[in-house]
Amino acid sequence: MRAVRAVSGLWRWRRNPLRRATDLAEAWLALTALLLVTLAAPLIGVLSGNAAHTSLQRSVRAQQQSRHVVTAAVVRELDPAPAATDPELVGGAPGSRVLARWTAPDGTARREAVQARLPDPRPGDTFRIWTDGHGDRVARPLDPGTATAHAVLAGAGAALLAAGLFEGGRRLMLRRMLLRRYACWGREWGRVGPDWGRTGAGS
């Protein structure tokens, strides 16, 4: 849509004895905006998407190396904690709140209240959790496919933002040109207006 609006100014390229210098300037402005929207904005999107993809994939590899799946065992079921005080309940995680024990990757034993994805937990039931190297609970590492999807969205957003900025710049410059044109008309009318229609005034 922005490209169509930019193209609308290209008619001023046509040769016409009534064409003003400002008309030609508007044509150049429309052409420049069209090139920026159709060429520069997608390029910015691709570069931004590639940069985001590289960064996110680096994060994926780092998380996969530093986060580990361990098996936790239920010690006993606990009363549900308010979502505001129990971080395990943030986001409405399904399951039950239990006291669990597990062995960290570094060999230390851990015992902590966690949210288990078990509808009816009983002592001795096992489930998997993600921890860091010291056994502290961490979120699941970012999936490579999810990281790629985020990078694509980032690139598309950057392209749309760039196109919007180019179109906004075109409109701002066009408005300034129109204001100058109106000011020029006002000065001309102030000069010839008082003599308009008078005999011998050349009108």
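A brief report on the enclosed structure follows. (Residues numbered from 1 in each chain as written. Predicted model: local features only at pLDDT ≥ 70, side-chain atom pairs only at ≥ 80, totals over all residues. Heavy atoms only, no water.)

**Some remarks on the sheet that holds strand β4 (residues 126-131)**
Stated precisely, the cut-off is as follows: Note: two strands are recorded as paired if DSSP finds a minimum of 2 bridges between them. Here a helix means four or more residues in a row that DSSP labels H or I, a strand means two or more in a row labelled E, and each is numbered from the N terminus. Axis lines are fitted through C-alpha atoms, for helices just across the contact stretch, and the angle between N-to-C directions can take any value from 0 to 180 degrees.
A sheet is described by the order of its strands in space; here four strands give the open sequence β3-β2-β1-β4, paired in antiparallel fashion. Edge positions in the sheet fall to β3 (109-116) and β4, since each of these pairs with one other strand and no more. Going across the sheet, the axis of each strand differs from the next one's by a mean of 45°, ignoring polarity. Direction of pairing for strand β1 (residues 68-77) relative to strand β2 (residues 96-103): antiparallel, over a ladder of four bridges. Paired with Arg76 across the two strands is Leu99, which belongs to β2.

**Comments concerning the pairing of β4**
Which entries qualify depends on this criterion: Burial status follows relative accessibility: with a 1.4 Å probe on protein chains alone, a residue under 20% of its type maximum counts as buried, one over 50% as exposed, and anything between as partly exposed.
Only one face of β4 is buried, namely the one carrying Phe127, Ile129 and Thr131, since none of Thr126, Arg128 and Trp130 on the opposite face is buried. Of the strand pairs in this sheet, β1 and β4 are connected by six bridges, and their pairing is antiparallel. Pairing of Val69 across the sheet is with Trp130, part of β4.

**Some remarks on the pattern of salt bridges**
The criterion, for reference: Salt bridges are defined by distance alone: a side-chain nitrogen of Lys or Arg within 4 Å of a carboxyl oxygen of Asp or Glu.
Counted by the stated rule, this structure contains five salt bridges. In this structure, the salt-bridge partner of Arg110 is Asp136, at a minimum N-O distance of 2.8 Å. With Arg110 in strand β3 and Asp136 in the loop between β4 and α3 (144-192), this residue pair connects regions lying 26 residues apart in the sequence. Exposure remark for Arg110: the relative accessible area of 22% places this residue in the partly exposed category. Of the charged contacts, one joins Glu167 and Arg170 as a salt bridge, the two residues approaching to 2.9 Å between their closest N and O atoms. Of this pair, Glu167 and Arg170 both sit in helix α3, three residues apart, roughly one helical turn. Both residues of the pair, Glu167 and Arg170, count as buried.

**Focus on a nonpolar patch on the surface**
Rules: Patch membership requires more than 30% relative accessible area and the absence of a salt bridge. Residues of like charge join within 9 Å; the nonpolar side chains Val, Leu, Ile, Met, Phe, Trp and Tyr join within 5 Å. The Shrake-Rupley method, run with a 1.4 Å probe sphere, supplies the accessible areas, and residue values consider only the shown protein chains as cover.
There is a patch of nonpolar side chains on the surface, built from Leu179, Tyr182 and Trp185 and spanning about 340 Å² of accessible area. Residue class for Trp185 comes out partly exposed when judged on its relative accessible area of 45%.

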